[in-house]
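# Fold and contact review
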Amino acid sequence: MTTSTGLRAYDALLFDLDGTTHLVCCPPRRDRSEGEVHPMTTSTGLRAYDALLFDLDGTLVDSGAAIERAWRGWSDRHGLDAERVLETSVGRRGVETVALVAPHLDSVREAGNLEAGQARDTGGVVPTPGAGTVLAAAAGGPWAVVTSGTRPVALARLRAAGLPVPTVLVTADDVTAGKPDPQGYLLAARRLGVEAGRCVVFEDTWPGVLAGQRAGMAVVGIAGAGLGATVTPDLVVDRLSRLDVRWSSGTVSVTLRPAGDRGDT
């Protein structure tokens, strides 16, 4: 794909910044009906939106160790393959994960026990790089958190990470179907009083990306194993600290930070 005048039709750019490699990907424009690029996406970011909607685990908080402890312990107790269970749980509500990997069990009861344990176990839960800075900027206008966890788990992890609790917090308790169903994101938009197509979603898993796209929203993906290779967010970065969030005249833009500006808090 190299020509005499440059490089064409690639899918990603890798930049070295002070010895650290950052991934930034702006996918090609396609028909939105395919679940692809939002019409207000530009080559440098997302501009003139009305609200910001954040996934929690893996996006705002690093809770991987706590999640793994919970599911591995549960898998061991029931003689299940922990690796398969963990893979299935990515981006999903606990009750849906249990139903998929152990249909012979009472999924509601088992998920309730798992969630109660996770609300108590916040060891190692910390904010992701840039989460504090992005949320401080997000507070300039409407924003919400939409998570596949229950409300007690979400509150415990936000507090353990020292992050603010939003006025609008949509959890597994508020929907009848989890991601990739768009219910959660559509509900958050309604509670904020914002049109779905005017929202930007921040997600680190493929079910979450699909949920945002099926809601008609723009999606920023956080690169990692959970994102997979089957979805195409409107913008992909390796962490929130690569983003500059700014409100102006009632709308918000999400763009890439200048080289050298880390924004890791």
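Values in this document were obtained by computation on a predicted structure and should not be read as measured data.

### Digging into the overall build of the protein chain
When you go through the protein chain residue by residue, the secondary structure sums to eight helices and 16 strands. Residues counted as buried form 51% of the 265 residues belonging to the protein chain. Residue pairs at least 24 apart in sequence account for 59% of intrachain contacts in the protein chain once pairs closer than 6 positions are excluded. As displayed, the protein chain offers around 11900 Å² of accessible surface, 53% of which is attributable to carbon and sulfur atoms.

### Points about helix H5 (residues 131-138)
Structurally, the α-helix is built with 3.6 residues per turn, so residues lying three or four positions apart point the same way. Inspection of H5 places Ala-131, Val-134, Leu-135 and Ala-138 among the buried residues, and these make up the whole buried set. Seen from one end, H5 has its buried residues packed into an arc of 95°, which puts them on one side. Buried residues along H5 sit against strand S7 (51-54), strand S9 (126-127), strand S10 (143-146) and strand S15 (243-248).

### What about the environment of Pro-152?
Summarising the element assignment, Pro-152 is placed in helix H6 (residues 151-160). Exposure remark for Pro-152: the relative accessible area of 47% places this residue in the partly exposed category. Once residues lying within four places of it in the same chain are set aside, the contact partners of Pro-152 are Ala-119 and Asp-173.

### Structural notes on the pairing of S7
Because side chains alternate across S7, one face comprises the buried residues Ala-51 and Leu-53, and the other comprises Leu-52 and Phe-54, equally buried. Of the strand pairs in this sheet, S7 and strand S12 (residues 199-203) are connected by four bridges, and their pairing is parallel. Bridging across to S12, Phe-54 finds its partner in Phe-202. The pairing of S7 with S10 spans three bridges and is classified as parallel. Bridge pairing links Leu-52 to Trp-143 in S10.

### Thoughts on the side chain of Ser-241
Along the polypeptide, Ser-241 turns up in the loop between strand S14 (235-237) and S15. At 3.1 Å, the side chain of Ser-241 and the side chain of Arg-239 are in polar contact.

### Remarks on the nonpolar core
Formed by 33 residues in total, the largest nonpolar core has its most connected members in Leu-52, Phe-54, Leu-60, Val-200, Phe-202, Val-220 and Val-254. In terms of residues, this core owes the most to one element, H5, which gives four residues. Listed in part, the 24 residues of the second largest apolar core include Leu-53, Leu-192, Val-201 and Val-219.

### Some thoughts on the packing of aromatic side chains
Inspection of the entire model under this criterion finds three aromatic pairs. Between the aromatic rings of Phe-54 and Phe-202, the centroid separation amounts to 4.5 Å while the plane-to-plane angle is 15°, which identifies the pairing as stacked. Of this pair, Phe-54 sits in strand S7 while Phe-202 sits in strand S12; the two residues are 148 residues apart in sequence, bridging distant segments of the chain. Both residues of the pair, Phe-54 and Phe-202, belong to the buried class. An angle of 90° between the planes, with centres 5.4 Å apart, marks the rings of Trp-71 and Trp-74 as edge-to-face. In this pair, Trp-71 and Trp-74 both sit in helix H1 (residues 64-78), three residues apart, roughly one turn of the helix. Relative accessible area serves as the criterion here: at 1%, Trp-74 is assigned to the buried category. One aromatic cluster in this structure is built from Phe-54, Trp-143 and Phe-202.

### Considerations on unusual backbone geometry
Of the consecutive residues Lys-179 and Pro-180, the connecting peptide bond is found in the cis state with omega at 15°. Position of Pro-180 among the secondary structure elements: in the loop between strand S11 (168-170) and helix H7 (183-192). Positive phi outside glycine occurs at Ala-48, with the angle close to 65°. Structurally, Ala-48 is set in strand S6 (residues 45-49). Taking the relative accessible area as the measure of exposure, Ala-48 reaches 32% and is therefore partly exposed. Residue Ser-249 is not a glycine yet carries a positive backbone phi of 55°. Within the fold, Ser-249 resides in the loop between S15 and strand S16 (251-256). For Ser-249, a relative accessible area of 79% translates into the label exposed.

### Observations concerning the environment of Ala-177
Looking at where Ala-177 falls in the secondary structure, it is placed in the loop between S11 and H7. A C-alpha to C-alpha distance of 9.9 Å links Ala-177 and Val-95, two positions 82 residues apart in sequence. Among all residues touching Ala-177, those that are not within four sequence positions of it are Arg-93, Glu-96 and Gln-183.

Calculation notes
Residues numbered from 1 in each chain as written. Predicted model: local features only at pLDDT ≥ 70, side-chain atom pairs only at ≥ 80, totals over all residues. Heavy atoms only, no water. Helix = DSSP H or I, 4+ residues; strand = E, 2+ residues; numbered from the N terminus. Buried < 20%, exposed > 50% of the residue type's maximum accessible area, 1.4 Å probe, protein only. Contact = heavy atoms within 4.5 Å. Areas by Shrake-Rupley, 256 points an atom, 1.4 Å probe, with all protein chains shown as cover. Arc of directions from axis to C-beta. Pairing = 2+ DSSP bridges. Polar contact = N/O pair within 3.5 Å; in protein donor to acceptor, adjacent residues only side chain to side chain. Core = buried A, V, L, I, M, F, W, Y, C linked by side-chain atoms within 4.5 Å. Phe/Tyr/Trp six-rings, centres within 6.5 Å; stacked < 30°, edge-to-face > 60°.

Shape is all these values report; function is a separate question.
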